[in-house]
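# Examination of the molecular architecture
Spelled out from the first residue to the last, the chains are:
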Amino acid sequence: MENIEIAAVLTEMATLLEIQGETNPFRIRAYRNAVYTIQESPDPVRKMVEEGADLTELPAIGKDMASHITELVTTGRLSILEEVSKEIPRSLVQLTKLPGVGPKKVRKLWDELDITTLDDLAAAASAGKIAVLAGFGKKSEEKILEAIERHKKRSGRFRISSADELVQPLIEYMLQDERVERLEVAGSYRRRQETVGDIDLLAIASDAEPVMERFTSYPPVRSVEKSGDTRGTVILSSDLQVDLRILPAESYGSALVYFTGSKEHNVELRKRALQRGLSVSEYGVFELAEEGEGEESTTGRDLGKRVAGATEEEVYASVGLPWITPELRTNRGELEAAANGELPALIEFEDLKGDLQMHSTWSDGKNTIEEMLAACAARGYEYVALTDHSKALAMTGGLDAAKLREQWKEIDEVAARHPEIRFLRSQEVDILADGALDTEDEMLEQLDLVVIAVHSRFDLPAAKQTERLLKAIQHPLANIVAHPTGRIINRRDPMDFALDEVLACAAEHGVAMELNAHPHRLDLRDIDLMAARKRGVKIVISTDAHSIADLDLMPYGVEQARRAWLEPADVLNTLPADDLLSALAKA
DNA sequence: GCCGTTTTCGGCCCGACTGTTTTCAGTCG
């Protein structure tokens with residue numbers, strides 16, 4: 001049982017408790033907090049259980065939660081969940097995923113109409129049985145039907161690169177209105193997460209109403225979900241949801257902090273503020289007033305003087321912290337690090353001196369060797385590695401020994417014409433199903449860099465897959481493992497294998513792990529990168545470009561590295577070529 | 001159900017929008 005599965009079961013448990021009518025909301029929250037801890041854990045919690053580690057050392061895991069997790073890992077079951085589900089059908093959890101439908105409404109639907117599944121709900125709504133329920137109405141019934149329709153075809157979250165494509169034109173459109181004084185995208189987009197669920201736009205506007213109207217009449221808008229004085233929500237024809245919040249200038253910084261999140265980061269920030277007698281909201285940072293003294297907030301606290309709000313810097317400063325870059329705002333210890341003056345000096349795109357994975361027309365790339373090389377030189381790189389596929393990938397025109405020799409001739413000719421950049425001989429060598437490499441040692445010995453990767457048999461049982469990777473990494477000529485987990489975002493899950501063992505082996509044998517910058521891959525993931533770093537495994541960031549245009553995907557990799565707290569010293573292609581090669585040289 | 005510079009009890013982050021309500025509950029982020 002892996003972290004993602006444990007988290008799913010505990011999430012289900014929390015929702016079932018809500019439907020059951022658990023009167024203590026903090027008990028529910030405790031489950032959700034535990035879920036967050038598990039999702040964020042770089043190491044498999046399963047392994048901690050197996051090794052007899054004390055789970056209560058983890059944040060938000062107490063005695064009870066530790067025993068739940070241990071039971072789950074060791075038996076695959078959770079008796080407390082089985083108890084609750086005797087009373088509450090587990091299928092009800094699915095219904096709460098519909099927007100506008102929460103635990104209370106699900107309970108009502110079940111009690112009154114015996115609805116337990118999405119199909120039941122759709123049938124009841126179509127028959128007009130929902131509108132007559134107390135607490136529901138005609139509008140609710142319509143919304144439920146629409147939500148079910150959308151739920152059925154919804155494919156998941158948007159890749160960050162897709163979000164970039166959809167958001168940039170919207171920003172341009174909004175900025176054409178002079179009443180928009182400032183506009184920024186906040187949310188997971190600003191944190192540069194690998195995927196985004198929706199887009200949070202934040203604006204300062206002299207006159208909110210017409211700006212909101214401009215927003216809701218953006219041509220690609222398919223439907224307007226909400227439209228208030230300060231908040232609006234639309235769905236674009238692409239199915240992307242966009243929220244716009246309009247705020248006064250004095251609140252812009254606090255709003256930017258608030259809407260950039262993450263939620264968990266905000267919660268920690270507000271707790272920190274409360275300890276200092278301050279209350280943080282999207283409108284600003286306020287002193288807490290004596291009861292009856294100040295203005296009462298919606299949470300019942302009396303607020304006094306505003307102490308910050310216009311800029312993010314002053315909001316953080318008000319709670320004694322330096323500004324924290326958005327990529328770190330996920331409550332992985334950044335607030336503590338900031339408080340201690342120990343924020344990492346994160347890697348930046350300018351630190352990279354070369355790109356170590358790309359393809360040419362010799363295999364499945366779209367541009368010639370010379371075009372790729374010239375494009376890399378134009379991007380200011382000091383070196384570049386060309387990594388066309390090996391022969392096992394016949395569909396890509398993978399190179400056997402004879403073709404590889406031919407390619408080297410062309411490489412030498414092209415390199416001679418481009419003294420401004422150093423050309424590293426390389427290949428993306430297939431790791432065969434048994435862990436052997438697809439290219440002969442005699443050829444590998446003549447490469448500057450041996451990049452190895454899995455492109456087939458992603459479905460091997462975990463033990464076999466692990467064995468395969470360990471064997472490949474132990475090959476005396478292997479240097480870099482490309483896209484190590486093989487995942488493709490929204491399309492293919494990571495391979496099932498023991499990443500911790502693989503990382504340990506890579507550390508031992510001086511093999512680096514790739515952070516594949518392609519926004520469809522972004523592999524290793526951020527938490528895996530953190531685990532790699534912890535084990536002393538070096539990282540390289542490469543685009544895996546299959547065209548000149550793909551070379552510009554590098555920033556996605558850098559953003560992911562930043563989310564993983566990586567500094568230049570953790571990433572080998574920040575080094576000059578000779579240092580890079582000696583760092584990867586085998587003992 | 002978790003947690004502790006308010007420490008083993010009594011707290012636990014903040015606010016807007018919708019639909020249905022006649023003053024607010026439920027949901028969401």
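The model shown is predicted, which means the values in this text are computed figures rather than measured ones. (Residues numbered from 1 in each chain as written. Chains lettered and ligands numbered in written order. Predicted model: local features only at pLDDT ≥ 70, side-chain atom pairs only at ≥ 80, totals over all residues. Heavy atoms only, no water.)

## Topic: the overall build of chain A
- Counting secondary structure elements, chain A contains 24 helices and 18 strands.
- Relative to a compact globule of 587 residues, whose C-alpha radius of gyration would be 25 Å, chain A shows 27 Å and is just as compact.
- Each of the three principal axes of chain A carries a C-alpha extent, and together these read 80 × 60 × 50 Å.
- Within chain A, buried positions represent 52% of all 587 residues.
- Here the contacts in chain A between residues at least 6 apart in sequence split such that 67% fall between residues at least 24 apart.
- Of the roughly 26,300 Å² of accessible surface on chain A, a fraction of 49% belongs to carbon and sulfur atoms.
- Charged side chains in chain A number 70 positive and 103 negative. The centres of these two groups are separated by 4 Å. (Helix = DSSP H or I, 4+ residues; strand = E, 2+ residues; numbered from the N terminus. Rg over C-alpha atoms; globule rule 2.2 N^0.38 Å. Buried < 20%, exposed > 50% of the residue type's maximum accessible area, 1.4 Å probe, protein only. Contact = heavy atoms within 4.5 Å. Areas by Shrake-Rupley, 256 points an atom, 1.4 Å probe, with all protein chains shown as cover. Lys, Arg positive; Asp, Glu negative; His and termini not counted. Charge placed at Lys NZ, Arg CZ, Asp CG, Glu CD.)

## What about the packing of aromatic side chains?
- Counting across every chain of the model gives two aromatic pairs.
- When the ring of Tyr258 is compared with that of Phe259, the centres are 4.8 Å apart and the planes differ by 85°; the resulting orientation is edge-to-face.
- According to the relative accessible area criterion, Tyr258 is partly exposed, its value standing at 27%.
- Residue classification places Phe259 among the buried positions, given a relative accessible area of 8%. (Phe/Tyr/Trp six-rings, centres within 6.5 Å; stacked < 30°, edge-to-face > 60°.)

## Overview of the pattern of salt bridges
- Here the structure, examined in full by the defined rule, presents 34 salt bridges.
- A salt bridge links Asp164 to Arg192, with the shortest nitrogen-to-oxygen separation between them at 2.9 Å. Linking Asp164 in helix 10 (residues 160-175) with Arg192 in the loop between helix 11 (187-190) and strand 3 (195-196), this pair joins segments that are 28 residues apart in sequence. You'll find Asp164 and Arg192 in the same group, each marked buried.
- Arg306 is the salt-bridge partner of Glu250, the closest N and O atoms lying 3.2 Å from each other. Linking Glu250 in the loop between strand 7 (241-247) and helix 13 (252-260) with Arg306 in strand 11 (residues 302-308), this pair joins segments that are 56 residues apart in sequence.
- For Glu250, a relative accessible area of 44% gives the class partly exposed.
- Among the charged side chains, a salt-bridge network with shared partners connects Lys47, Glu51 and Asp500. (Salt bridge = Lys/Arg side-chain N within 4 Å of Asp/Glu carboxyl O.)

## Digging into the nonpolar core
- One finds Met358, Ile452, Ile473, Met513 and Ile541 to be the most contacted residues of the largest nonpolar core, which totals 62 residues.
- With six residues, the single largest contributor to this core is helix 17 (residues 369-378).
- Core analysis: the second largest hydrophobic core is formed by 49 residues, Ala66, Trp110, Leu121 and Ala147 among them. (Core = buried A, V, L, I, M, F, W, Y, C linked by side-chain atoms within 4.5 Å.)

## Describing the domain arrangement of chain A
- In terms of domain boundaries, chain A breaks down into domain 1 (3-154), domain 2 (158-246), domain 3 (258-339) and domain 4 (349-584).
- Its C-alpha centre places domain 1 at a distance of 30 Å from the equivalent point of domain 2.
- Contacts between domain 1 and domain 2 engage four residues on the former and six residues on the latter.
- Taking both sides of the interface into account, the surface hidden between domain 1 and domain 2 amounts to around 410 Å²; carbon and sulfur atoms contribute 25%. (Domains from an automatic or database assignment. Buried area = accessible area lost by both parts, 1.4 Å probe.)

## Notes on the sheet that holds strand 5 (residues 221-227)
- Pairing in this open sheet of five strands is mixed, and the strands run 2-4-7-6-5 from one edge to the other. Of all the strands in the sheet, just strand 2 (180-185) and strand 5 have a single pairing partner and so form its edges. Neighbouring strand axes in the sheet, compared pairwise and without regard to direction, differ in orientation by 20° on average.
- Here strand 4 (residues 198-205) pairs with strand 7 via seven bridges, running parallel. (Pairing = 2+ DSSP bridges. Axes fitted to C-alpha atoms, helices over the stretch in contact; angles between N-to-C directions.)

## Regarding the pairing of strand 8 (residues 278-281)
- Relative to strand 9 (residues 284-288), strand 8 runs antiparallel, the two being bridged by four bridges. Residue pairing for strand 9: Ser281 is matched across the bridge by Gly284.
- Counting the residues in the hairpin turn of strand 8 and strand 9 gives two residues.

## Description of the side chain of Arg468
- Here Arg468 lies in helix 20 (residues 462-474).
- As a buried residue without a salt bridge, Arg468 has its nearest oppositely charged side chain in Asp430, at a separation of 5.9 Å.
- At 3.0 Å, the side chain of Arg468 forms a polar contact with the backbone oxygen of Leu432.
- Among the polar contacts made by the side chain of Arg468, one reaches the side chain of Gln465 at a distance of 2.9 Å. (Polar contact = N/O pair within 3.5 Å; in protein donor to acceptor, adjacent residues only side chain to side chain.)

## Considerations on the environment of Val307
- Here Val307 shows up in strand 11.
- On the basis of relative accessible area, Val307 is assigned to the partly exposed category, the value being 35%.
- Measuring from C-alpha to C-alpha, the distance between Val307 and Glu287 comes to 6.9 Å, with 20 residues separating the pair along the chain.
- Beyond its immediate stretch of four places on either side in the chain, Val307 contacts Leu278, Val285, Phe286, Glu287 and Ser318.

## Description of the pairing of strand 14 (residues 422-430)
- Burial runs high along strand 14: eight of the nine residues are buried.
- Relative to strand 14, strand 13 (residues 383-386) runs parallel, the two being bridged by four bridges. Bridge pairing in strand 14 links Tyr383 to Arg422.
- Of the pairings in the sheet, the one linking strand 14 to strand 15 (residues 449-453) comprises five bridges and is parallel in character. Bridge pairing in strand 15 places Ser426 opposite Leu449.

## Re the sheet that holds strand 14
- Strand order in the open sheet formed by seven strands is 12-13-14-15-16-17-18, and the pairing between neighbours is parallel. Each edge of the open sheet carries a strand with a single partner, namely strand 12 (354-355) and strand 18 (539-542).
- Most of the contacts of helix 23 (residues 554-563) go to strand 18, to which it runs at about 150°, and overall it touches strand 12, strand 17 (512-516) and strand 18.

## Things to note about the packing of helix 2 (residues 25-40) against helix 4 (residues 63-75)
- Between helix 2 and helix 4, the least distance of the axes is 11 Å, while the angle of their chain directions is 60°. Regarding the angle of helix 2 to helix 4, the classification is oblique. As helix 2 runs across helix 4, the sense of the crossing is right-handed. Of the residues in helix 4, those touching helix 2 at Ala30, Tyr31, Ala34 and Ile38 are Met65, His68 and Ile69.
- Looking at the contact of helix 2 with helix 4 residue by residue, the class counts come to six nonpolar, one polar and no charged. (Parallel < 35°, antiparallel > 145°, perpendicular 65-115°, else oblique. Left-handed = near helix turned anticlockwise from the far one by under 90°. Nonpolar A, V, L, I, M, F, W, Y, C, P; charged D, E, K, R; others polar.)

## Digging into helix 23
- Here helix 23 lies mainly inside the structure; nine of its 10 residues are buried.
- Lining the buried residues of helix 23 we find helix 10, strand 12, strand 17, helix 22 (526-534) and strand 18.
- One or two residues past the end of helix 23 sits Trp565, with phi positive at roughly 65°.

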